[in-house]
Amino acid sequence: MSDEVAASFVRVRLDLSYDGSGFSGWARQREGQRTVQEELETALRVVLRASAPYELTVAGRTDAGVHARGQVAHVDLPEPVWAAQGERGELLLRRLAGRLPHDVRVWRVTAAPPHFNARFSAIWRRYAYRVGDDPGGVDPLLRGHVLWHNRPLDAAAMNAAAELLLGEHDFAAFCKRREGATTIRRLLDLRWSRRADGVLEATVKADAFCHNMVRALVGAMLFVGDGHREPEWVGRVLGAAVRDSAVQVVRPHGLTLEEVGYPPDDSLAARNTASRRLRTLSAG
């Protein structure tokens with residue numbers, strides 16, 4: 001996970017997407033659990049004819065069933081191996097396309113700038129969550145990416161609740177706690193819009209997310225949208241900083257990692273340092 005790359009290696013950035021339906025999440029797990037990381041590392045080992053896997057570092061470790069359209073990872077490759085892939089890694093890109101299963105695609109392979117780290121250099125991640133509230137259900141062709149909610153949803157009420165969550169807060173009420181990890185995050189954007197096909201789409205953007213945060217936020221706003229609670233209730237839950245039994249973590253298949261943002265190259269080192277600090281709430 002270091003930001004420093006040995007002189008004989010090149011840090012390579014991979015931009016990729018995957019359908020999470022058939023995966024037990026991104027991170028490598030016990031034997032028998034299919035993961036995105038293992039599929040990619042196996043493909044890299046095979047196409048590069050390596051004796052051991054090259055380990056990937058990812059921007060966001062998505063959970064089982066969660067999709068990604070704009071995921072970013074990096075891998076450190078020996079200089080001669082990278083040099084053999086062509087000026088822009090074209091050979092590696094084509095080889096991966098032939099070796100990877102159809103539910104994982106790498107779209108771009110580039111030499112990363114100095115100090116780039118797919119995880120610690122990121123300044124924001126943007127997710128989308130999609131919900132259908134048509135009484136007849138969800139279009140069968142979208143069922144793997146859209147959650148069905150069996151009551152009509154009021155997008156205006158959900159947006160009123162969303163405004164109460166923006167900014168830097170302790171999101172303990174919407175996160176699964178992990179030992180030694182902070183639940184303080186800065187929520188940069190949170191809004192709902194109804195698409196032409198009737199599907200409601202949430203845009204959720206933050207500097208980082210804690211475990212289950214997006215799915216819990218969506219669950220709370222759906223409770224507002226269908227009339228079970230008023231928008232102000234979400235603000236009270238946030239302020240209490242403890243899990244509320246009424247906040248349900250919605251199913252993962254409606255969630256997609258859409259994009260990861262990074263600072264200018266000359267700010268990467270500073271961002272890496274800042275990302276590793278244990279966060280506290282800003283004064284005032």
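Okay, so let's go over this structure. (Residues numbered from 1 in each chain as written. Predicted model: local features only at pLDDT ≥ 70, side-chain atom pairs only at ≥ 80, totals over all residues. Heavy atoms only, no water.)

**Comments concerning the pattern of salt bridges**
Part 1 of the reasoning: Scanning all chains against the criterion turns up 18 salt bridges.
Part 2 of the reasoning: Measuring nitrogen to oxygen at the nearest pair gives 2.8 Å for the salt bridge that ties arginine 11 to aspartate 76. Placement of the pair is arginine 11 in strand S1 (residues 9-18) and aspartate 76 in strand S3 (residues 67-78), with a sequence separation of 65 residues.
Part 3 of the reasoning: With a shortest N-O distance of 2.8 Å, aspartate 197 and arginine 195 are connected by a salt bridge.
Part 4 of the reasoning: According to the relative accessible area criterion, aspartate 197 is partly exposed, its value standing at 46%.
Part 5 of the reasoning: For arginine 195, a relative accessible area of 29% translates into the label partly exposed.
Part 6 of the reasoning: One salt-bridge network, in which partners are shared between bridges, spans Arg69, Arg130, Arg195, Asp197, Glu201 and Glu258. (Salt bridge = Lys/Arg side-chain N within 4 Å of Asp/Glu carboxyl O. Helix = DSSP H or I, 4+ residues; strand = E, 2+ residues; numbered from the N terminus. Buried < 20%, exposed > 50% of the residue type's maximum accessible area, 1.4 Å probe, protein only.)

**Comments concerning the state of the cysteines**
Part 1 of the reasoning: By the definition in use, this model includes one disulfide.
Part 2 of the reasoning: Note on cysteine connectivity: cysteine 175 is disulfide-linked to cysteine 210, with sulfurs 1.7 Å apart. Of this pair, cysteine 175 sits in the loop between strand S7 (167-170) and strand S8 (184-194) while cysteine 210 sits in the loop between strand S9 (200-206) and helix H5 (213-225); the two residues are 35 residues apart in sequence, bridging distant segments of the chain. (Disulfide = S-S within 2.5 Å.)

**Observations regarding unusual backbone geometry**
With the exception of glycine, most residues fall at negative phi, and the peptide bonds are largely trans.
Part 1 of the reasoning: With phi around 55°, arginine 49 is a residue other than glycine that occupies positive phi space.
Part 2 of the reasoning: Looking at the secondary structure, you find arginine 49 in the loop between helix H1 (36-47) and strand S2 (57-58).
Part 3 of the reasoning: The class for arginine 49 is exposed, based on a relative accessible area of 68%.
Part 4 of the reasoning: Positive phi, close to 75°, is recorded for histidine 115, a residue that is not glycine.
Part 5 of the reasoning: Structurally, histidine 115 is set in the loop between strand S4 (104-111) and strand S5 (124-132).

**Considering the nonpolar core**
Looking at soluble globular proteins, one finds that nonpolar side chains tend to be buried together.
Part 1 of the reasoning: Counting 81 residues, the largest nonpolar core has Trp26, Phe174 and Leu187 as its most contacted members.
Part 2 of the reasoning: Among the elements that take part in this core, H5 stands out by supplying nine residues, more than any other. (Core = buried A, V, L, I, M, F, W, Y, C linked by side-chain atoms within 4.5 Å.)

**What about the packing of helix H4 (residues 155-163) against H5?**
Part 1 of the reasoning: With their axes 8 Å apart at the nearest point, H4 and H5 run at an angle of 135° to one another. Compared by their axis directions, H4 and H5 come out oblique. Our pair here, H4 against H5, has a crossing hand that is right-handed. Between H4 and H5, the residues in contact are Ala157, Met158, Ala161 and Ala162 and Met221, Leu222, Val224 and Gly225, respectively.
Part 2 of the reasoning: Residue composition of the contact of H4 with H5, grouped by class: seven nonpolar, one polar and no charged. (Axes fitted to C-alpha atoms, helices over the stretch in contact; angles between N-to-C directions. Parallel < 35°, antiparallel > 145°, perpendicular 65-115°, else oblique. Left-handed = near helix turned anticlockwise from the far one by under 90°. Contact = heavy atoms within 4.5 Å. Nonpolar A, V, L, I, M, F, W, Y, C, P; charged D, E, K, R; others polar.)

**A look at the packing of aromatic side chains**
Part 1 of the reasoning: According to the stated counting rule, one finds five aromatic pairs in the structure shown.
Part 2 of the reasoning: Each ring, one from phenylalanine 116 and one from tyrosine 262, has its centre 5.0 Å from the other, and the planes form 55°; the classification is tilted. With a gap of 146 residues between them, phenylalanine 116 in the loop between S4 and S5 and tyrosine 262 in the loop between strand S10 (255-261) and helix H7 (268-276) connect regions that are remote in the sequence.
Part 3 of the reasoning: Owing to a relative accessible area of 3%, phenylalanine 116 belongs among the buried residues under this scheme.
Part 4 of the reasoning: For the pair phenylalanine 223 and tryptophan 233, a centre-to-centre distance of 5.7 Å together with 55° between the ring planes defines the contact as tilted. With phenylalanine 223 in helix H5 and tryptophan 233 in helix H6 (residues 232-240), the pair connects residues that are 10 residues apart, well separated along the chain. (Phe/Tyr/Trp six-rings, centres within 6.5 Å; stacked < 30°, edge-to-face > 60°.)

**Regarding H1**
Part 1 of the reasoning: For H1, with 12 residues, the first-to-last C-alpha span of 17 Å sits near the 16 Å given by 1.5 Å per residue.
Part 2 of the reasoning: For H1, every residue scored as buried is listed here: Val36, Gln37, Glu39, Leu40, Glu41, Ala43, Leu44 and Val47.
Part 3 of the reasoning: For H1, the elements touching its buried residues are S1, S3, helix H3 (90-99) and S4.
Part 4 of the reasoning: You can read the cap of H1 off the contacts: a side-chain oxygen lies 3.2 Å from the backbone nitrogen of glutamate 38, and it is on threonine 35.
Part 5 of the reasoning: A positive backbone phi angle near 55° is found at arginine 49, which sits one or two residues after H1. (Expected span 1.5 Å × (residues − 1). Polar contact = N/O pair within 3.5 Å; in protein donor to acceptor, adjacent residues only side chain to side chain.)

**Some thoughts on H5**
Residues three or four positions apart in an α-helix share a direction because the helix packs 3.6 residues into each turn.
Part 1 of the reasoning: Between its first and last C-alpha, H5 extends 18 Å over 13 residues, near the 18 Å set by a 1.5 Å rise per residue.
Part 2 of the reasoning: Most of H5 is tucked away, with 12 of its 13 residues classed as buried.
Part 3 of the reasoning: Taken together, the buried positions of H5 are Met213, Val214, Arg215, Ala216, Leu217, Val218, Gly219, Ala220, Met221, Leu222, Val224 and Gly225.
Part 4 of the reasoning: Trailing H5 by a residue or two, glycine 227 shows a phi angle of about 90°, which is positive.

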